[in-house]
Amino acid sequence: MTSNCRIEIQYIDPEQYASIVNHGLRKDVLKALYSMTKSGPITKQQLADNLRVGYHQLVYQLNNHLKDFWLVKEEQKIRGTRMELIEPTYPDTVFISLGKDNAIFMVDPLANLFGPLHKVGTRCDVCTPHEARRCVSYGAQGGCCSTNPSETEMALLMSNGRKPPFRLLDLALICAFRGIPEGATCSVEIPCDHCALTKKFIELR
């Protein structure tokens, strides 16, 4: 039986978005954290080594600017020293923000997408039209993406550079915006072997 992969869309405020996207190291930290932990938690030293930055420089960014994005998964004692293994707080999440004139902004660390939606697109853009249609059909089988977008919602997507036929992440974005008043998120599940991005990390492992 094919296992499913989960993608969640979560809203972050514009100030938090800007603090990440306008800082190269913070983007690099999130990208490395998400990609390196696909097979399990890592140490902060491993993350620092991967980024080729000093340990204390990394810890400063984690503790002062990215503290909402990681957690300690487990602790190990090595030669009397406590070592923390960390991972993303929300490993399956794509973060979005809304700006002036209903501009949508994207933070997708795993796909290395940081910026305005009309410029960076979504992780679904690497898929063929056939693959995209298949994922939309999976998303429509239940949950929040089973409801078609209204004309106003379609206009919002198109004003942000998205064109019909919309892809799964386009529909999930709309679903997430619907849930903002209640503080709800949108999550979708698709077979892992049908997602080009997920397949890439499976092959790397």
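What counts as what
- Residues numbered from 1 in each chain as written.
- Predicted model: local features only at pLDDT ≥ 70, side-chain atom pairs only at ≥ 80, totals over all residues.
- Heavy atoms only, no water.
- Core = buried A, V, L, I, M, F, W, Y, C linked by side-chain atoms within 4.5 Å.
- Buried < 20%, exposed > 50% of the residue type's maximum accessible area, 1.4 Å probe, protein only.
- Contact = heavy atoms within 4.5 Å.
- Salt bridge = Lys/Arg side-chain N within 4 Å of Asp/Glu carboxyl O.
- Helix = DSSP H or I, 4+ residues; strand = E, 2+ residues; numbered from the N terminus.
- Phe/Tyr/Trp six-rings, centres within 6.5 Å; stacked < 30°, edge-to-face > 60°.

A. Quick look at the nonpolar core. Ranked by size, the top nonpolar core spans 54 residues in total, and within it Ile9, Val29, Leu47, Leu58 and Cys186 carry the most contacts. Excluding its chain neighbours within four sequence positions, the residues that come into contact with Leu58 are Val29, Lys44, Leu47, Ala48, Leu51 and Val53.

B. Expanded view of the pattern of salt bridges. Scanning all chains against the criterion turns up nine salt bridges. The residue Glu84 makes a salt bridge to Lys44 at a minimum N-O spacing of 3.0 Å. With Glu84 in strand β4 (residues 81-88) and Lys44 in helix α3 (residues 44-51), this pair connects stretches of sequence that are 40 residues apart. Each member of the pair Glu84 and Lys44 is classed as buried. In the salt-bridge network here, residues are joined through shared partners; they are Lys44, Glu75, Arg82 and Glu84.

C. Spotlight on the packing of aromatic side chains. Following the criterion strictly, the structure yields three aromatic pairs and no others. On the basis of an interplanar angle of 75° and a centroid distance of 5.1 Å, the ring pair of Phe69 and Phe95 is categorised as edge-to-face. Of the two residues, Phe69 sits in the loop between α4 (55-64) and β3 (70-78) while Phe95 sits in strand β5 (residues 93-98), which places them 26 residues apart along the sequence. Each member of the pair, Phe69 together with Phe95, is buried. Residue Phe95 is classed as buried on the basis of its relative accessible area of 1%. An aromatic cluster of at least three residues, connected via ring pairs, comprises Phe69, Tyr90 and Phe95.

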